[in-house]
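# Architecture and fold: a report
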Amino acid sequence: MMAAALTLICVGAALFSPWLAPQNPFDAAALDLNAAFKPPAWVEGGERGFLLGTDNQGRDILSTIMHGARISLGVGLASVALALVLGVSVGLLSGYLGGRLDAFLMRVADVQLSFPAILIALLIDGVARVALPSNRHDEIAIPVLILSIGLAGWVHYARTVRGSTMVEREKEYVQAARVIGRRPLAIMLSHVLPNVMGPVLVLATINIATAIITEATLSFLGVGVPATRPSLGTLIRVGNEFLYSGEWWITVFPGAALVVLVLSVNLLGDWLRDALNPRLR
């Protein structure tokens, strides 16, 4: 319950950041370079208007964290939704139809599992940057990032759904649906899918945290969200440049926010897994 409450606070602060944040860090006209490198309010030299201090552009750290968490959560949710749709579709087809299609799809999944997800995401991101015009990189950076993370994470959903589908297709209610003449697609969507979604939803909740970490890693490496629309990973990368010059708050607070966000989502996923497991009731 504490994890759920903490997740609710983080998500609420991110979603309502345009109204709750003290400053709009994306409005260049509202920034004051004279306010750059202000320490947190409780440190000598800090100001009350900048609770967690400011960065090298005079942006309020608290505001950048709230807006950055909004981008990180958006990328994480969208990429997990893409991976979920793709993985569930492949798993249903593979588990229900079987045969050569099952063998082919699972061999593709095995090949992808032999590569780290971050490497696949880097590869897709790099190909997109080469194939698309350079003047549009910043515009399409977030969609490309969502596509990269989503295509790197579909395998786990496919394997989970395939295993559950192979069990469900032999049960009496599926055989009864076949007898009355229902089409295979209708059986998969109406009968099998609702009975295999429990573990998938738990897996999706846990993978949201993984997707946020992957996005932060890509942004930290400089191939993710552009600096004009910084996510938590971008903020950590920018702050890392000033860490050893004494401006520790620029990277420490976004890093702490990332840890809190990912930890709360992970704990919520573990709680959902236990709550939906009938053996633990």
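The secondary structure content of the protein amounts to 11 helices and zero strands. Reading the secondary structure of the protein in the N-to-C direction produces α-α-α-α-α-α-α-α-α-α-α. Seen through its principal axes, the protein has C-alpha atoms that stretch 75 × 50 × 30 Å. Residue burial in the protein is summarised as follows: out of 281 residues, 45% are buried. In the protein, the share of contacts with a sequence separation of at least 24, taken over all contacts with a separation of at least 6, comes to 70%. Total accessible area on the protein stands at roughly 14600 Å², and carbon and sulfur atoms take up 66% of it. When the 20 positive and 19 negative side-chain charges of the protein are each reduced to one mean point, those points stand 14 Å apart.

The next thing to look at is the confidence of the model for the protein. Looking at the protein, pLDDT values average 83 and 96% of them are 70 or higher. Of all secondary-structure elements in the protein, the lowest mean pLDDT belongs to helix H5 (residues 117-131), at 77, while helix H3 (residues 61-97) reaches the highest, 90.

Before going further, it helps to examine the environment of isoleucine 180. Note that isoleucine 180 resides in the loop between helix H8 (172-179) and helix H9 (184-220). For isoleucine 180, a relative accessible area of 67% puts it in the exposed group.

Another point: helix H7 (residues 154-168). Taking 1.5 Å of rise per residue, 15 residues should cover 21 Å, and H7 covers 21 Å from first to last C-alpha, within 8% of that figure. When we look at burial in H7, the residues that qualify are Trp154, Val155, Tyr157, Ala158, Val161, Ser164, Thr165 and Glu168.

Further remarks concern empty space enclosed by the protein. Think of a ball as big as a water molecule: rolled over the atoms, this probe shows where empty space is left. Within this structure, the stated rule accounts for two cavities of 30 Å³ or more. Considering only enclosed or pocket space, the second largest cavity measures out at about 40 Å³ in volume. Every residue along the wall of the second largest cavity is listed here: Asp55, Arg59, Ile61, Thr64, Leu235, Val238 and Ile250. Among the elements of the structure, H3 and helix H10 (232-240) are those that each provide at least two residues to the lining of the second largest cavity. Along the lines of polarity and charge, the residues of the lining of the second largest cavity split into four nonpolar, one polar and two charged.

Using the criterion set out here, one finds seven salt bridges in the structure. Of the charged contacts, one joins arginine 107 and aspartate 110 as a salt bridge, the two residues approaching to 2.9 Å between their closest N and O atoms. In this pair, arginine 107 and aspartate 110 both sit in helix H4 (residues 99-113), three residues apart, roughly one turn of the helix. Residues participating in the shared-partner salt-bridge network are Arg107, Asp110 and Arg159.

Where helix H1 (residues 2-15) contacts H3, the axes come no closer than 7 Å and their chain directions differ by 105 degrees. The angle between H1 and H3 falls in the class roughly perpendicular. On the side of H1, the interface is formed by Cys10, Val11, Ala13, Ala14 and Leu15, while H3 contributes Met66, Ala69, Arg70 and Leu73.

A separate point is the packing of aromatic side chains. Within this structure, the stated rule accounts for five aromatic pairs. Centre to centre, the rings of tryptophan 42 and phenylalanine 253 are 6.1 Å apart; their planes meet at 80 degrees, and the pair counts as edge-to-face. Of this pair, tryptophan 42 sits in the loop between helix H2 (17-20) and H3 while phenylalanine 253 sits in helix H11 (residues 249-275), placing them 211 residues apart in sequence. Between tryptophan 248 and tryptophan 249, the ring centres sit 5.7 Å apart and the planes meet at 85 degrees, which makes this aromatic pair edge-to-face. Given a relative accessible area of 34%, tryptophan 248 falls into the partly exposed group. Overall, the relative accessible area of 6% leaves tryptophan 249 in the buried class.

Moving on, we get to unusual backbone geometry. Of note, phenylalanine 37 is a non-glycine position whose phi angle comes to about 60 degrees, a positive value. Mapped onto the elements of the fold, phenylalanine 37 is located in the loop between H2 and H3. On the basis of relative accessibility, which here comes to 31%, the residue phenylalanine 37 falls in the partly exposed class.

Attention now goes to a nonpolar patch on the surface. A surface patch of nonpolar side chains, amounting to about 500 Å² of accessible area, comprises Leu15, Phe16, Trp19 and Leu20. Tracing the backbone shows phenylalanine 16 in the loop between H1 and H2. Residue phenylalanine 16 is classed as partly exposed on the basis of its relative accessible area of 48%.

Criteria and thresholds
- Residues numbered from 1 in each chain as written.
- Predicted model: local features only at pLDDT ≥ 70, side-chain atom pairs only at ≥ 80, totals over all residues.
- Heavy atoms only, no water.
- Helix = DSSP H or I, 4+ residues; strand = E, 2+ residues; numbered from the N terminus.
- Buried < 20%, exposed > 50% of the residue type's maximum accessible area, 1.4 Å probe, protein only.
- Contact = heavy atoms within 4.5 Å.
- Areas by Shrake-Rupley, 256 points an atom, 1.4 Å probe, with all protein chains shown as cover.
- Lys, Arg positive; Asp, Glu negative; His and termini not counted.
- Charge placed at Lys NZ, Arg CZ, Asp CG, Glu CD.
- pLDDT = per-residue confidence, 0-100.
- Expected span 1.5 Å × (residues − 1).
- 1 Å grid on protein atoms, 1.4 Å probe; cavity = no way out; pocket = protein on both sides within 12 Å on 5 of 7 lines; lining within 4 Å.
- Points joined across faces, edges and corners; volume = space filled by probe spheres on them.
- Nonpolar A, V, L, I, M, F, W, Y, C, P; charged D, E, K, R; others polar.
- Salt bridge = Lys/Arg side-chain N within 4 Å of Asp/Glu carboxyl O.
- Axes fitted to C-alpha atoms, helices over the stretch in contact; angles between N-to-C directions.
- Parallel < 35°, antiparallel > 145°, perpendicular 65-115°, else oblique.
- Phe/Tyr/Trp six-rings, centres within 6.5 Å; stacked < 30°, edge-to-face > 60°.
- Patch = residues over 30% accessible without salt bridge, like charges linked within 9 Å, V, L, I, M, F, W, Y side chains within 5 Å.

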